[in-house]
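# Summary of the model geometry
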Amino acid sequence: MRKKWIFIGAAFALAMTLTGCRDNAAASIPQQSSQEQTQMIPMEEAQEAALKAADIVAADADISATTLSEVAGVACYKVEFTSGEYAYAYTINAETGAVMEMSSQEQNAQASGTQTETADPAAPAPAQNATGTGTVDEAAAQKIALEHAGVKAADATITKSKLDYEDGRQVYDIEWYAGGAKYDYEIATDTGEIISSAYEEKTMGADSKNVTVSEADAKKTALDRVSGATDKDFYEWKLDYDDGRPEYEGKIIYGGTEYEFTIDAATGSVMEWDAEKVR
């Protein structure tokens, strides 16, 4: 009986020793991270991604700032640059190079207003006449639209000015008449950015079935409205007739904006003009 208890005790001690060895061996093995450290793209690659998204070559852009920050828990580069008459701000995913956010606006509109300071120095400052909460009020939105259209407030009859939503973004929808033309603008409430703008001539010239304005002259009229654009930026162009009136219909895509327009082929005047950011 005594030998039996000695044997059981020895077996128990051996089991405890083996267990301890296993625990010590496991503890000595370095613990591997469940996920390798994420590699970020170089800053230059983020700049290239922003310029490509804006359809602007590096030689035509002046990059003013590129900073690394975080948006919604994602590391990102904020790239700010100017080209022609526009200022651009792009947010690029620092891991994939994908465009997360973008905005652009005319520099003269940006410079003419009062801007508030933001907590993030890399973020573009709110547009002109912003309130202390970082939003643009209705009067400021109307001023931005009128100045962009080159129309004096005294000459405009505003028929609609209301808050609306465009692709989930809050905007002011503003319409007015001036000089026989109708204008339709959408202004972002958070930055004062012009989301879209439309112009339609309501006072037509004399009817004529003859095309007296050449295609080259009509294209020049359109290009004069889009600083920096050239013939290669025309994506649509045709001569058509509306109630017997000849007109050129075209589309230009340049600098991240799509322009659609109609030009009277008898008088050369711009009858319709729409501009909208390409998202």
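What comes next is a walk through the structure. None of the values given here were measured: they were computed from a predicted structure.

### Some remarks on the pairing of strand β10 (residues 245-254)
The buried fraction of β10 is high, at 8 of 10 residues. For strand β9 (residues 234-242) and β10, the ladder comprises 8 bridges, and the chain directions are antiparallel. Paired with tyrosine 241 across the strands is proline 246, a residue of β10. What sits between β9 and β10 in their antiparallel hairpin is a turn of 2 residues, with aspartate 243 showing a positive phi close to 55 degrees. What sits between β10 and strand β11 (residues 257-264) in their antiparallel hairpin is a turn of 2 residues, with glycine 255 showing a positive phi close to 60 degrees.

### Some points on the nonpolar core
Core analysis: the largest hydrophobic core is formed by 51 residues, its most contacted members being Phe81, Ile92, Trp176, Tyr183, Ile187, Ile252 and Trp273. Residues contacting isoleucine 92, with those up to four places away along its chain left out, are Ile41, Ala46, Ala49, Ala50, Ala75, Cys76, Tyr77, Val79, Gly97, Ala98, Val99 and Met100.

### Considering the sheet that holds strand β12 (residues 270-277)
Taken together, 8 strands build an open sheet; the order of strands is β5-β6-β7-β8-β12-β11-β10-β9 and the sheet is antiparallel. A single partner strand is all that each edge strand has here, and the edge strands are β5 (157-166) and β9. Here the average twist between neighbouring strands, direction ignored, is 10 degrees. In this structure, strand β8 (residues 194-201) lies alongside β12, joined through 5 bridges in antiparallel fashion. What sits directly across from alanine 198, in β12, is aspartate 274. Against the sheet, helix α5 (residues 215-223) contacts β9, β10, β11 and β12, and its axis sits at roughly 120 degrees relative to β9.

### With respect to the environment of glutamate 101
By secondary structure assignment, the location of glutamate 101 is in strand β4 (residues 99-106). Residue glutamate 101 is classed as partly exposed on the basis of its relative accessible area of 44%. Expressed as a C-alpha distance, the spacing of glutamate 101 and lysine 78, which sit 23 residues apart in the sequence, is 9.2 Å.

### Regarding the packing of aromatic side chains
A full pass over the atoms with the stated rule returns 11 aromatic pairs. Seen in terms of ring centroids, tryptophan 176 and tyrosine 183 are 5.0 Å apart; in terms of plane orientation they differ by 5 degrees. Their pairing is stacked. Its relative accessible area of 10% is what places tyrosine 183 among the buried residues. For the ring pair tyrosine 259 and tryptophan 273, a centre distance of 5.8 Å and an interplane angle of 45 degrees mean the geometry is tilted. You can see tyrosine 259 sitting in strand β11 and its partner tryptophan 273 sitting in strand β12, a full 14 residues away along the chain. Each member of the pair, tyrosine 259 as well as tryptophan 273, carries the same accessibility label: buried. Counting every residue linked through ring pairs, the aromatic cluster contains Phe234, Trp237, Tyr248, Tyr259, Phe261 and Trp273. Between the NZ or CZ atom of lysine 219 and the centre of the ring of tryptophan 237, over which it lies, the distance is 5.3 Å. Directly above the ring of tyrosine 199 sits arginine 225, whose terminal nitrogen or CZ lies 5.4 Å from the centroid.

Rules of the game
Residues numbered from 1 in each chain as written. Predicted model: local features only at pLDDT ≥ 70, side-chain atom pairs only at ≥ 80, totals over all residues. Heavy atoms only, no water. Buried < 20%, exposed > 50% of the residue type's maximum accessible area, 1.4 Å probe, protein only. Helix = DSSP H or I, 4+ residues; strand = E, 2+ residues; numbered from the N terminus. Pairing = 2+ DSSP bridges. Core = buried A, V, L, I, M, F, W, Y, C linked by side-chain atoms within 4.5 Å. Contact = heavy atoms within 4.5 Å. Axes fitted to C-alpha atoms, helices over the stretch in contact; angles between N-to-C directions. Phe/Tyr/Trp six-rings, centres within 6.5 Å; stacked < 30°, edge-to-face > 60°. Lys NZ or Arg CZ within 6 Å of the ring centre and 35° of its normal.

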